Amino acid sequence: MQHEVQSTPDIKTLNIHNDGLRHDWSRAEISDLFDLPLMDLIFQAQTVHRQHFPANEVQVSSLLSIKTGGCPEDCAYCPQSSHHNTGLPAAKLLQVQTVLEEAQRAKDGGATRFCMGGAWRSPKDRDMDVITAMIEGVNDMGMETCMTLGMLSPSQTIRLKEAGLDYYNHNVDSSPEYYEKIITTRTYEDRLNTLALVRDAGINVCSGGIVGMGETANDRTGMIQTLANLPEHPGSVPINMLVHVEGTPLNKTEPLDNFDFIRTIAVSKLTMPASVVRLSAGRLEMSDEMQAMCFMAGASSIFAGSKLLTTENPDQKTDMQLFERLGLKPSAICKKEHQKAS
Ligand code: SAM
Ligand code: DTB
Ligand code: SF4
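What counts and what doesn't
Position numbers for residues start from 1 in each chain and track the written sequence from start to end. Key to labels: chains lettered from A, ligands numbered from 1, both in the order written. Residues qualify for local features only when their pLDDT is at least 70, as the model is predicted, and side-chain atom pairs are given and counted only at 80 or more; totals for whole chains, interfaces and linings, by contrast, use all residues. Just so you know, side-chain values use all the structure's heavy atoms and leave hydrogens and water out. Helix and strand assignments come from DSSP, with helices taken as H or I runs of at least 4 residues and strands as E runs of at least 2, each series counted from the N terminus. C-alpha atoms define the radius of gyration in this analysis, and the globule rule sets the expected value at 2.2 Å times the number of residues to the power 0.38. Whether a residue is buried, partly exposed or exposed follows from its accessible area with a 1.4 Å probe, protein chains only, as a fraction of its type maximum: under 20%, in between, or over 50%, in that order. We call two residues contacting when some pair of their heavy atoms lies within 4.5 Å. Under the convention used here, a 1.4 Å probe and the Shrake-Rupley method define accessible areas, while residue burial counts only the protein chains that appear. Working convention for charge: Lys and Arg count positive, Asp and Glu count negative, and His plus the chain ends are omitted. Charge coordinates come from a single atom per side chain, which is NZ of Lys, CZ of Arg, CG of Asp or CD of Glu. Only protein atoms enter the 1 Å grid used here, on which a cavity is any set of points holding a 1.4 Å probe that cannot leave and a pocket is any open set flanked by protein within 12 Å on both sides along at least five of seven lines; residues with an atom within 4 Å of a point are listed as lining. Grid points are joined across faces, edges and corners, and a volume is the space filled by probe spheres set on the points. Each residue is assigned to one class: nonpolar for Ala, Val, Leu, Ile, Met, Phe, Trp, Tyr, Cys and Pro, charged for Asp, Glu, Lys and Arg, and polar for all the others, Gly among them. A pair is scored as a salt bridge if a Lys or Arg side-chain nitrogen falls within 4 Å of a carboxyl oxygen belonging to Asp or Glu.

Report on the overall build of the chain, specifying residues and quantitative values.
In terms of regular secondary structure, the chain is built from 12 helices and 10 strands. For 342 residues, the compact-globule formula gives about 20 Å, and the C-alpha radius of gyration of the chain, at 19 Å, lands near that figure. When its C-alpha atoms are laid out on the principal axes, the chain stretches across 70 × 50 × 35 Å. Going through the 342 residues of the chain one by one, you find that 55% of them count as buried. For the chain, the share of sequence-separated contacts (at least 6 apart) that also reach a separation of at least 24 residues comes to 75%. Per element, the accessible surface of the chain, about 15,400 Å² overall, is 51% carbon and sulfur. When the 31 positive and 43 negative side-chain charges of the chain are each reduced to one mean point, those points stand 4 Å apart.

Take a look at the structure:
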């Protein structure tokens with residue numbers, strides 16, 4: 001039997017402009033993207049990805065928890081919240097030397113960006129000298145720097161910028177409506193205010209969220225709408241699959257259909273085409289084929305190394321074998337090394 005060959009919907013008919021970035025997405029438009037046949041969605045996302053980035057390249061970041069556990073916030077997914085009994089001991093802020101040794105290891109393993117995370121509602125002013133010394137030290141190694149420390153004050157934001165911080169990660173995590181169900185100790189507005197401070201200081205924004213927390217399709221749409229309608233699209237958009245952690249309220253959440261995760265990556269790419277969409281937490285539970293589909297859907301960055309902040313991640317050898325099988329290359333050299341070399 002002959003099947004009628006259907007052409008994929010033209011990108012223009014979906015109101016996606018390649019000559020400029022949109023910041024006026026309605027939920028209905030984003031929802032229509034989610035509802036495309038999967039192959040059309042992935043094809044379009046990969047097409048748009050290649051208009052903005054080299055094909056077959058994946059940026060590799062490494063992650064280190066510089067201050068672990070004992071966090072006063074009640075994020076229902078997080079192993080580091082002091083509201084949950086996850087058995088994770090709280091630790092003090094690491095010393096600069098320890099962090100720089102870890103950064104060197106990450107660089108030797110091929111990372112071009114080093115992300116440092118602190119389990120804080122917000123950092124204390126008295127910690128800022130140590131934090132800025134970490135940024136300066138990692139910068140001097142020629143790696144890009146990223147920090148995620150919670151909410152910032154205006155003066156803390158300026159200090160991070162002056163120290164040469166490249167990226168600040170602060171996730172919106174979900175839609176405004178669902179956010180209230182998973183975090184009660186701070187508001188969505190608080191999150192957006194910190195993002196505005198970071199953006200206005202000229203630090204690149206890294207902001208995304210988590211899927212698989214029991215949210216609806218409309219919540220995933222709402223999360224992307226928030227990110228895509230920011231005054232500037234985040235330079236980096238991490239999409240995390242919930243990591244189920246014993247002792248957290250979300251531990252028993254039904255796993256999300258993998259295709260809904262892949263769709264979230266693809267729709268992020270279509271709505272924020274010039275942003276790097278990062279396949280973030282949750283890769284340990286994903287098959288090689290699932291990760292390959294995420295790359296096809298426009299993901300072009302990962303966290304490498306056997307630990308995220310407190311949970312496990314595929315080890316570097318496993319990732320490099322997968323890259324080899326898929327013909328992917330880690331983005332070879334970071335911006336700063338280009339600058340140094342020229
Ligand atoms: N305390 C700071 C904050 O919340 O912004 C920085 C660290 S916090 C751990 C960074 C991000 O990790 C969170 O915004 C969340 O998106 C992600 N995360 C935390 N626990 C997770 C989990 N169990 N699964 C997936 N992502 C998680
Ligand atoms: C992000 O969006 N994902 C990373 C990074 N930003 C800081 C963190 C994932 C944490 C997963 C749970 C853990 O390891 O504690
Ligand atoms: Fe604290 Fe960040 Fe974890 Fe929330 S996500 S509990 S703010 S470390």
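How would you explain unusual backbone geometry if you had to name every residue and give the values?
For N56, which is not glycine, the phi torsion reads 65 degrees and is therefore positive. Position of N56 among the secondary structure elements: in the loop between α2 (38–52) and β1 (57–67). Judged by its relative accessible area of 39%, N56 is partly exposed.

Describe in detail the layout of surface pockets, supporting the description with residues and values.
Empty space among the atoms can be located by rolling a probe the size of a water molecule over them. Of the volumes computed, that of the second largest pocket is approximately 410 Å³. Taken together, 20 residues line the second largest pocket, and the ones lying closest to its centre are L242, V243, H244, G282 and E285. Of the residues assigned to the lining of the second largest pocket, the class counts are 10 nonpolar, seven polar and three charged.

Could you give an account of the pattern of salt bridges, with specific residues and numbers?
Across all of its chains, the model carries 12 salt bridges by this definition. Ionic pairing is found between R27 and E177, a salt bridge with its closest N-O pair at 2.9 Å. Highlighted residues: R27 in helix α1 (residues 27–34) and E177 in helix α6 (residues 176–182), separated in sequence by 150 residues. For R283, the salt bridge is made with D319, and the minimal N-O distance between the two is 2.8 Å. Of the two residues, R283 is situated in the loop between β8 (276–279) and α10 (288–296) and D319 in helix α11 (residues 316–326); the sequence distance between them amounts to 36 residues. Exposure remark for R283: the relative accessible area of 1% places this residue in the buried category. Among the residues examined, D319 registers a relative accessible area of 2% and is labelled buried.

Remember that the coordinates give geometry; whether it matters functionally is a separate question.
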